[in-house]
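Observations on the model geometry
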Amino acid sequence: MKVGMQLYSLSPIVNQGRYEDAVRLACASGIDGLELYSYYDVPALSYRRIMNDAGVVCCGTHNHWTPLRDDLDHVMEYNYILGNETIICHYLLEEERGSRDNYLRVAESLNQIGAKLQRNGFRLLYHNHDFEFREEFDGKRGMDLLLENTDPFLVGMELHIGQLPQFGIDIPDYIAGLGRRLKVLHVHAFNGDQPFDSRPGVEAGRKLDVSWAVLENVYPEDCGAERLQKDVEALRSMTRR
């Protein structure tokens, strides 16, 4: 299992418009791959050059549903330049969810998006937050509706395990239930501030040959590479057990 980082971890830097500084800092942490978000404001080649110089690949990009639905050709072109094949739907706005029909509408759209991406050499994953588990309709969670109404060969899963404990969900059991559909794990930081033990989730992912464990945390603006390196190494040690 390779170790990555979601650029959102450095959002205090990104939010100042210092995209390239954030990418360089992330790449200096010892990761194998970097997931990008809020990336279209920067030419894809600018990111690609920084990652190439550091020996880091782009292991995914986070995208709202809207650009995937309405501007997929541009998304594919940008990701082709990045050298990235994993395109992730990472968020639904409030008006895009909140009802059973909305979730079913999104699921149908994701199948269509996933099919087009697959025809062009990409793959589509869905990344959860908390609302997919909090919103229920006739006994079905929003996440259940998405999983049950999308083709597992067209729509894979990037599971943010940090969202599960608050709903009383057993992480290893949930991971086992996803099976081969699960491609990437998102995992929290480890320096004493994690809300739960991430090791059982990473171990469950290893049993399924999940390809990436991606660190997601929000570090302070003045965070140096040393703090990032500690968390990356902690995650890497879990992937080796």
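For the structure itself, look to the data block above.
Reference entry: report on the structure contained in this document. (Residues numbered from 1 in each chain as written. Predicted model: local features only at pLDDT ≥ 70, side-chain atom pairs only at ≥ 80, totals over all residues. Heavy atoms only, no water.)

**A few points about the overall build of the protein chain**
Looking only at helices and strands, one finds 11 helices and 10 strands in the protein chain. Relative to its full complement of 241 residues, the protein chain shows a buried share of 54%. Within the protein chain, residue pairs in contact and separated by at least 24 positions form 77% of the contacts whose partners lie at least 6 positions apart. For the protein chain, the accessible area works out to roughly 10700 Å², and carbon and sulfur atoms hold 45% of it. (Helix = DSSP H or I, 4+ residues; strand = E, 2+ residues; numbered from the N terminus. Buried < 20%, exposed > 50% of the residue type's maximum accessible area, 1.4 Å probe, protein only. Contact = heavy atoms within 4.5 Å. Areas by Shrake-Rupley, 256 points an atom, 1.4 Å probe, with all protein chains shown as cover.)

**Digging into the nonpolar core**
Leu34, Leu36, Tyr47, Met51, Tyr126 and Leu159 are the most contacted members of the largest nonpolar core, which has 77 residues in total. Top element by residues in this core is helix H6 (residues 100-119). It accounts for 7 residues. Methionine 51 has contacts with Val23, Cys27, Leu34, Leu36, Val56, Val57, Cys58 and Leu82, leaving out every residue within four places of it along the chain. Counting 6 residues, the second-largest nonpolar core is a separate cluster that includes Cys59, Ile88, Leu125 and Val214. (Core = buried A, V, L, I, M, F, W, Y, C linked by side-chain atoms within 4.5 Å.)

**A closer look at unusual backbone geometry**
The backbone phi angle of aspartate 138 is positive, close to 55°, even though this residue is not glycine. Relative to the assigned elements, aspartate 138 resides in the loop between strand E6 (136-137) and strand E7 (140-141). Positive phi is not limited to glycine here, since aspartate 209 has a value of about 60°. Tracing the chain through its elements places aspartate 209 in the loop between helix H10 (199-207) and strand E10 (212-215).

**Some thoughts on the pattern of salt bridges**
A complete count under the given rule lists 14 salt bridges for this structure. Across the pair aspartate 209 and arginine 180 runs a salt bridge, and its minimum N-O distance is 3.5 Å. With aspartate 209 in the loop between H10 and E10 and arginine 180 in the loop between helix H9 (171-178) and strand E9 (182-187), the pair connects residues that are 29 residues apart, well separated along the chain. Here the two residues aspartate 209 and arginine 180 agree in accessibility, since each one is exposed. A network of salt bridges, in which partner residues are shared, links Arg18, Asp21 and Glu221. (Salt bridge = Lys/Arg side-chain N within 4 Å of Asp/Glu carboxyl O.)

**Some words on H6**
Counted at 1.5 Å a residue, the expected span for H6 with its 20 residues is 28 Å, and the 29 Å between its end C-alpha atoms agrees. Among the residues of H6, Asn102, Tyr103, Val106, Ala107, Ser109, Leu110, Asn111, Ile113, Gly114, Ala115 and Leu117 are the ones counted as buried. One or two steps after H6, the chain reaches glycine 121, where phi turns positive at roughly 85°. (Expected span 1.5 Å × (residues − 1).)

**Some thoughts on the sheet that holds strand E2 (residues 33-36)**
Two strands in a sheet stick together by hydrogen bonds in their backbones, pointing the same way (parallel) or opposite ways (antiparallel). Taken together, 8 strands build a closed barrel; the order of strands is E1-E2-E3-E4-E5-E8-E9-E10 and the barrel is parallel. Strand-to-strand twist of the sheet, defined as the mean angle between neighbouring strand axes without regard to direction, takes the value 30°. The strands touched by H9 are strand E8 (155-160) and E9; relative to E8, the strand with the most contacts, the crossing angle is about 170°. (Pairing = 2+ DSSP bridges. Axes fitted to C-alpha atoms, helices over the stretch in contact; angles between N-to-C directions.)

**Quick look at the packing of helix H3 (residues 44-54) against helix H5 (residues 72-82)**
For the pair H3 and H5, the least separation of the axes is 8 Å and the interaxial angle reads 25°. With respect to their mutual orientation, H3 and H5 come out roughly parallel. Where H3 crosses over H5, the handedness of that crossing is right-handed. Here H3 contributes Ala44, Leu45, Tyr47, Arg48 and Met51 to the contact with H5, which in turn contributes Tyr78, Tyr80, Ile81 and Leu82. Of the residues belonging to the contact of H3 with H5, the class tally is 8 nonpolar, no polar and 1 charged. (Parallel < 35°, antiparallel > 145°, perpendicular 65-115°, else oblique. Left-handed = near helix turned anticlockwise from the far one by under 90°. Nonpolar A, V, L, I, M, F, W, Y, C, P; charged D, E, K, R; others polar.)

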